[in-house]
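So you can see what is in the structure, the chains are spelled out below.
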Amino acid sequence: PDEGEIELSVIRNEKDQVETISLKPKRVSGPQTIGVLLTPNYIKNQNIRSDNPVEAARMAFDYTKTLTTETANGLLNAVKQSVSSGNSGGSKAQVSGPIGLIREGSKIVATKDIQTVLLFAAAISINLGVINALPLPALDGGQLVFILVEAITRRKIDQKVQEGITTAAVLLLLSVSAQAAIGDIFNIFGK
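Before going into details, it helps to say that this report is about the structure given with it. (Residues numbered from 1 in each chain as written. Predicted model: local features only at pLDDT ≥ 70, side-chain atom pairs only at ≥ 80, totals over all residues. Heavy atoms only, no water.)

Inspection of the secondary structure puts Glu150 in helix H4 (residues 140-153). A polar contact is formed between the side chain of Glu150 and the backbone nitrogen of Ile157, at a distance of 3.2 Å. In this view, Glu150 contacts Arg155, Lys156, Ile157 and Gln162; residues no more than four positions away in its chain are not counted. (Helix = DSSP H or I, 4+ residues; strand = E, 2+ residues; numbered from the N terminus. Polar contact = N/O pair within 3.5 Å; in protein donor to acceptor, adjacent residues only side chain to side chain. Contact = heavy atoms within 4.5 Å.)

Below, the structure written as structure tokens:
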């Protein structure tokens, strides 16, 4: 509508409320807005800035540490939720694969906000680092576990045993990846 009022249902302090908004269009070219910007599902953008290079490095380190901790905690919570719900039809953990990543990435790029795009790229990098550090034999963290076991026992792990463990881990990772891809497809098509 060009003018008038619309009612919006909003959640504020965990309570549903209805807000009435009066529309008074601005006469400009392009699409009309009511001051609401719908964006991808991220909490906030916060500019951190310092003219001091040492302080800037400390701030960057702190932000990276926070993002890494949140990523590891999110992964741990997803695993806990997956284990606790099992296959009993309970709620499933929100794990996204490459399909979901591309979908969310395209939404973020569509914002045309370079800072948001760079933060998304940083989040992907940190996510990959955290995942790669997991103690699964097919990943770097798992290889480190093999090396530590060999250092502690002072014996080389039998090649066949190592290959068997690595094969099982690869199958587990492929299974999780397939489930994530299937979940992404269902999320896209709304099933």
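Having seen the model, we can carry on.
Helix length check: helix H3 (residues 114-132) (19 residues) gives 27 Å between terminal C-alpha atoms against 27 Å at 1.5 Å per residue, within 8%. Of the positions making up H3, those classed as buried are Thr116, Ala123, Ile126 and Val130. Projected down its long axis, H3 shows its buried positions confined to an angular sector of 85°, all on one face. When the buried face of H3 is taken as reference, the exposed residues oriented beyond 90 degrees from it are Ile114, Leu118 and Leu128. Sitting at the amino-terminal end of H3 is Asp113, which places a side-chain oxygen 3.1 Å from the backbone nitrogen of Gln115. (Expected span 1.5 Å × (residues − 1). Buried < 20%, exposed > 50% of the residue type's maximum accessible area, 1.4 Å probe, protein only. Arc of directions from axis to C-beta.)

Before going further, it helps to spend a moment on the packing of H4 against helix H5 (residues 159-189). Remark: H4 packs on H5, axes separated minimally by 12 Å, with the N-to-C direction vectors making an angle of 150°. Relative to H5, H4 is oriented roughly antiparallel. Seen from above, H4 lies across H5 with right-handed handedness. Contacts between H4 and H5 involve Gln143, Phe146 and Glu150 from the first element and Gln162, Ile165 and Thr166 from the second. (Axes fitted to C-alpha atoms, helices over the stretch in contact; angles between N-to-C directions. Parallel < 35°, antiparallel > 145°, perpendicular 65-115°, else oblique. Left-handed = near helix turned anticlockwise from the far one by under 90°.)

We now examine H4. Here H4 contains 14 residues, and its C-alpha end-to-end distance of 20 Å stays within 8% of the 20 Å for a straight helix at 1.5 Å per residue. Along H4, the positions that sit buried rather than exposed are Gly141, Gly142, Phe146 and Glu150. Of the surrounding elements, those touching the buried residues of H4 are H3 and H5. Downstream of H4 by a residue or two, Arg154 has a phi angle that is positive, lying close to 60°.

Side chains that carry opposite charge are capable of pairing whenever their charged atoms lie near each other. What the rule picks out here adds up to 4 salt bridges. Its salt-bridge partner being Glu55, residue Arg58 comes within 2.6 Å of it at the nearest N-O pair. Remark: Glu55 and Arg58 occur in helix H1 (residues 53-85); sequence separation between them is 3 residues, near one turn of the helix. According to the relative accessible area criterion, Arg58 is partly exposed, its value standing at 40%. Linking Lys107 and Glu104 is a salt bridge whose minimum nitrogen-to-oxygen distance equals 3.2 Å. Placement of the pair is Lys107 and Glu104 together in helix H2 (residues 98-110), with a separation of 3 residues, close to one helical turn. Residue Lys107 is classed as partly exposed on the basis of its relative accessible area of 36%. With relative accessibility at 29%, the residue Glu104 sits in the partly exposed group. Each of Glu55, Arg58 and Asp62 takes part in a single network of salt bridges with overlapping partners. (Salt bridge = Lys/Arg side-chain N within 4 Å of Asp/Glu carboxyl O.)

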